[in-house]
Amino acid sequence: MIPYTVNIKLAARTLTGTVHLQNKPAVDWGWQGLIAQGCHSSILIIDPKTSQTIQVLERHKANVVKVKWSRENYYHSLSSPYSLRLASADSSGKIIVWDVVSGTAHCEIQEHAKPIQDMDWLWAQDVSRDLLLAVHPPNYIVLWNGDTGTKLWKKSYAENILSFSFDPFDPSNLALLTSEGIVFITDFSHAKPPGSAGKKVYIASPHASPAHSKPVAATPAPTGAKKALNKVKVLITNEKPSAEAVTLNDCLQLSYLPSKRNHMLLLYPREILILDLELSQTVGVVAIERSGVPFIQVVPCGQRDALYCLHENGCITLRVCRSTSSSPDDVQELVYDLRSQCDAIRVTKTVRPYRIVICPVNENSAALVVSDGRVMLWELKSHSIKTSANSSSGLSPLYSPVSFCGTPLGQNQKRIPDLSLNTMIGHSFISGAEPSRSSGQQEVQLKFLLTSLLSGLPLPPFALRMCPPLTTKNINHYQPLLAVGTSNGSILVYNLTSGLLHKELSVHSCEVRGIEWVSLTSFLSFATSAPNNLGLVRNELQHVDLPTGRCFAFRGERGNDEPAIEMIKVSHLKQYLVVVFRDRPLELWDVRTGTLLREMAKNFPTVTALEWSPSHNLKSLKRKQLAAREAMARQTVSDAEQSSVESSVISLLQDAESKAELSQAISAREHFVFTDTDGQVYHITVEGNAVKDGARIPPDGSMGSIACIAWKGDTLVLGDVDGNLNFWDLKARLSRGIPTHRGWVKKIRFAPGKGNQKLLVMYTDGAEVWDTKEVQMVSSLRVGRNVSYRIMDIDWCTSDKVVLASDDGCVRVLEMAMKSASYRMDEQDLTDPVWCPYLLLPRAAITLKAFLLLQPWSDTFTMDIMQVYASGSLFIYLFIYFSFLSDIKSVLMDPELNLLQRCLLVSRLFGDESDMQFWTVAAHYLQSFAHARQLNVPVPEGQPQPEGAQNTPQSHLDICNDVLCESSFFQRFQLERVHLQEVKRSSYEHTKKCADQLLLLGQTDRAVQLLLETSADNPSYYCDSLKACLVTTITSSGPSQSTIKLVATNMIANGKLAEGVQLLCLIDKAADACRYLQTYGEWNRAAWLAKVRLNPAESSDVLKRWAEHLCSPQVNQKSKAILVLLSLGCFHKVGEMLHSMRQFDRAALFIEACLKYGVMELIGAAFTEYARLLRSLGLKEGAVLWASRAGGAGEELLEELFKAEGAEEQPGLEEEQENLQSTE
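In this text, all values refer to a predicted model and were calculated from it rather than measured experimentally.

**Student:** Hey, could you run me through the overall build of the protein chain in this one?
**Tutor:** Looking only at helices and strands, the protein chain has 26 helices and 60 strands in total. Taking as baseline every contact in the protein chain between residues at least 6 positions apart, the subset at least 24 positions apart corresponds to 55%. Accessible area for the protein chain stands at about 52200 Å²; split by element, carbon and sulfur atoms hold 52% of it.

And the structure:
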């Protein structure tokens, strides 16, 4: 047998089971890479890569209804480290913010005693990382500081709030889904509650709203999907719709699309509506056919315009927005094509899909939570196909991008397949941005693959039994196994070292009532069926051998139509078994041979409680037998032979023989005691097949009917139905009764271990641990006081830990004090190592990141941190963390991986949101500006490069970056959007908005057509007609221009900002228009207008002013300002800003990348500061190198470093410096 390393120090842990209905929305996948899931009042922390539960948080008294990981959208350093923070809310209105690593609560928040409807952390984290917004029923939103638990503000609304969604592009926008419609808040701020009541819009349910289709000349009758479209032509109204039109309750979900600005989705059971919020109009519908399976939930992606949808049968589908590159004028709506779907699950009364969560870092894996406690992890995989495969299905092909981590792939460069959604499928192309097929793009198909499955315990009740305890004899092959009998007749065996399921055995056909181990690898279990009319049942008593899984009926043919088995008890030496029935005398069996030794006579007393004595005569028997054998051996060997044969050999032979005999023949004498209904104690001795009646002890007057007995050493304890415990000291012949006043004593068990006299007692309302030496209670657990669950069964799993089964479907391993089962994660013994830098100490995580980011001190990249780093305890941690991710390791060590790719890849590994955003934008613009420079197009810093220079392999940033995209691409996207709005408009309001947008975009001809559509009975008819005339007749003559400009400025001064801006755009004074917009605080609108209307130089001025505004103390969005400056190519300014914000590593690496691409000069101070940081982390070689690169600024630091190194190392370093200078 393989020798196990015995770790008998078991961690406290919780084995969880089915999920409560209130836990349905309580699941979240954080940027930290872990999944949090509510299970009754506990929270599981799951590592999806290794599918292990690595922490269980217990402090809530009620069911958990929401969990949310904090966002990682800030720069991480030693002062603001990587940390695991989670907020959870329960049905009693309590919110707890956790430090997940230590399993402790940062703070607890309570406002009302009703279930929290929704909560989320604020994503803009420049000001504070601790702000948490929660919906307290029925109609309050409250902003909390999640670190201290203080309330910042509270605001109430007219209707009941069901949920909310933050706008991912603008932190001041928030949408509330209420019982009557949607409330849009545009002045959300952490400083004060929203001033207004928000803009209220009502939703008429898609099925209820009448079909407002425009009259069209003789077209064929619309078919299914088209019909659905007509139905949702008018969906959002500002007036309250008539009563019959409102069936809002079926709107399941509202959320902003993170892939493009000002779009939102509404989910109904049979369709998903995509709204354009500028028009408040549906621009896309995903409808299900009549026979299709309804939706439960949808998760929109940010990296691509795609939706993950969960259906009622547990199937997850991925729908990707169709490219519009073919012919923009035919586009009637946004179409989301079904690109992949996974297998459904078998849905029953108790098994239902609850929720899906998507990995926010890579958006290519989904976890499905099922009501029976299973968590299924599906990963999206792409594989290349021949071009013809898709044409039959009529879908436009999907291409894989040619770049890896934002940079074109090198010739022999290694890449990680399926790293994230945006490395699997390229952009959705927009009209005019047709992909060039020569660029080596592969056509791909997507498939879901089930990569792991976590399953929980089945429904309670449970019967528990821990295997025999650890002794010096079995230490080499001991495994701490816990057998859990379930209500469906199967027995689950868990290994408590890892908390993982060791075996699941289907043993019985009905509920398991009890389990008794007969060795370390086999046990007996019994189950009883439901009684028939006569009160008789079918009893099943099975013997199970764990290694082979073999089961056999221990009582042979017996068991049909007899009274139910009450309990089974195996003797101390595992020789005998007593089976106690309800209304029938007990049976005594020999466990070793499986034979019935005695069936007691009819007049045998009724047994209420029974226990085997720990005393036996095995030792004296062995001594007698050995003596007898030695005597026999001496007689058989004659004197002559005895002298020739070594006596030691004889003794060895005798020894072996005696051991073999012993294991077969010896039957030691064992005793058991039991009580009858009157409380009389009987003592019975069993030896071989002889059963003798011993002494009887009369009942104790102070005790009621005895319910259970426990015996260890010289202590015997009896418990009765009234809650009295009676402690007998057999040696001193004393007894002592203690009333606990806790009702029926259900079970009592002594702890294992020599001399350990602790006793575990189970009552109907909880449990207690007693010390029988001192006869006093050690700890207590009571339903309603300490915990919310009821206890169903108990046992000891080691000498100082107990295991409890409870009615919330969990099995908990607890310390003797029976406090919560949360523990420190870093002390835990995991089966597979978990890659999660957030579990490290802050310093270790930052060191690990610096180590992975750049190793310019050697030609080859090493993953052996030993060579570089040698500081005790941290090193141990870091070393463990390198047992990770083989494919990523090979990519990191690939010499072709450039600095930008490395920075992006490491920010992905760390799940660092702000890093990822910075490096994505930086990588794109560094390359495009460097490319423009190569083409010898002079680009002054601060101006976007001319259009011709943009045909780098990665043509543009994704539209999810909004105004950070190139102007030409942004313009095309906006034109297409207006075209779609125009197709979808269904009222005069919509037409007016479309005309306004077209005028701003410079599409005057189209705008005139729309203005002329106004009907004569409309009050704006005259105005619109005049406007149409004005637009068509505008000439560039001086007087008309100056008149219009004067009118425009007057309008703006009198509060008609939008109209004035339009007029300015008509006479090509868009730059002035932008300036006015900025003056009046419409910064986003100004940036939008600059992008679509201005030439590069003017646009750059407007955006620079915006960046300055973002840096101002009252706005404080410096991270956004840096991204804007990156998109303008102001790299030197970005370097300086990063340095002044003390983001030394980001600054140094960014400047290094700029130098490589030749787009800026050195900022020495940043390199020096980074060198200091590396020195403080213990990465000496790195410090020396960066200091030597910093020019004059680093000389002082270099001297310090040399002094520290000592004189003997200097010659080597000077050589290294010379080499470096020559390479530079």
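**Student:** Help me understand a positive patch on the surface in this model?
**Tutor:** Taken together, the side chains of Lys473, Lys619, Lys622, Arg623 and Lys754 make up a positively charged region of the molecular surface. Within the secondary structure layout, lysine 754 lies in the loop between strand S54 (745-750) and strand S55 (758-763). Residue classification places lysine 754 among the exposed positions, given a relative accessible area of 88%.

**Student:** What am I meant to see in the sheet that holds strand S10 (residues 118-121) here?
**Tutor:** Adjacent strands of a sheet pair through backbone hydrogen bonds, lying either parallel or antiparallel. The strand order S10-S11-S12-S13 describes an open sheet built from 4 strands, whose pairing is antiparallel. A single partner strand is all that each edge strand has here, and the edge strands are S10 and strand S13 (151-156). Strand-to-strand twist across the sheet, computed as the mean angle between neighbouring axes with direction ignored, equals 15 degrees. Relative to strand S11 (residues 131-136), S10 is paired through 4 bridges, and the arrangement is antiparallel. Looking across to S11, one finds that aspartate 118 is bridged to valine 135.

**Student:** Explain the pairing of strand S5 (residues 52-58) here, please?
**Tutor:** If a strand is regular, its side chains alternate between the two faces of the sheet. S5 sits mainly inside the fold: 6 of its 7 residues count as buried. Pairing analysis gives 6 bridges linking strand S4 (residues 42-47) to S5, with the strands arranged antiparallel. In the sheet register, aspartate 47 faces S5, and the bridge partner there is glutamine 52. Between S4 and S5, which pair antiparallel in sequence order, lie 4 residues; one of them, serine 51, sits at a positive phi of approximately 45 degrees.

**Student:** Would you mind showing me how to read helix H19 (residues 1096-1111) here?
**Tutor:** Between its first and last C-alpha, H19 extends 22 Å over 16 residues, near the 22 Å set by a 1.5 Å rise per residue. Considered for burial, the residues of H19 that qualify are Ser1099, Ser1100, Val1102, Leu1103, Trp1106, Ala1107 and Leu1110. The buried side chains of H19 occupy one side of the element, clustering within an arc of 165 degrees when seen end-on. Turning to H19, the residues buried within the fold contact helix H17 (1070-1079), helix H18 (1083-1093) and helix H20 (1118-1128).

**Student:** What's the story with unusual backbone geometry in this structure? I'm lost.
**Tutor:** If a residue is not glycine, its phi is most likely negative; likewise, a peptide bond is most likely trans. A cis amide bond links proline 137 with the next residue in sequence, proline 138, at an omega value of -5 degrees. The residue proline 138 is located in the loop between S11 and strand S12 (140-145) in this model. Of note, the phi angle at serine 51 is positive, near 45 degrees, even though the residue is not glycine. Turning to its location among the elements, serine 51 is positioned in the loop between S4 and S5.

**Student:** How should I be thinking about the pattern of salt bridges in this particular structure?
**Tutor:** Note on pairing: side chains with opposite charge can pair once their charged atoms come close. Summed over the entire model, instances satisfying the criterion amount to 52 salt bridges. For the salt bridge of aspartate 305 with lysine 260, the shortest nitrogen-to-oxygen distance reads 2.5 Å. One end of the pair, aspartate 305, is in the loop between strand S23 (295-300) and strand S24 (306-311); the other, lysine 260, is in the loop between strand S19 (253-256) and strand S20 (263-267), and 45 residues separate them in sequence. Both residues of the pair, aspartate 305 and lysine 260, belong to the buried class. Residue arginine 261 is joined to aspartate 962 by a salt bridge in which the shortest nitrogen-to-oxygen separation is 2.7 Å. With arginine 261 in the loop between S19 and S20 and aspartate 962 in the loop between helix H10 (913-934) and helix H11 (967-984), the pair connects residues that are 701 residues apart, well separated along the chain. One exposure class covers both arginine 261 and aspartate 962, and it is buried.

Each value, and the rule that gives it
- Residues numbered from 1 in each chain as written.
- Predicted model: local features only at pLDDT ≥ 70, side-chain atom pairs only at ≥ 80, totals over all residues.
- Heavy atoms only, no water.
- Helix = DSSP H or I, 4+ residues; strand = E, 2+ residues; numbered from the N terminus.
- Contact = heavy atoms within 4.5 Å.
- Areas by Shrake-Rupley, 256 points an atom, 1.4 Å probe, with all protein chains shown as cover.
- Patch = residues over 30% accessible without salt bridge, like charges linked within 9 Å, V, L, I, M, F, W, Y side chains within 5 Å.
- Salt bridge = Lys/Arg side-chain N within 4 Å of Asp/Glu carboxyl O.
- Lys, Arg positive; Asp, Glu negative; His and termini not counted.
- Charge placed at Lys NZ, Arg CZ, Asp CG, Glu CD.
- Buried < 20%, exposed > 50% of the residue type's maximum accessible area, 1.4 Å probe, protein only.
- Pairing = 2+ DSSP bridges.
- Axes fitted to C-alpha atoms, helices over the stretch in contact; angles between N-to-C directions.
- Expected span 1.5 Å × (residues − 1).
- Arc of directions from axis to C-beta.

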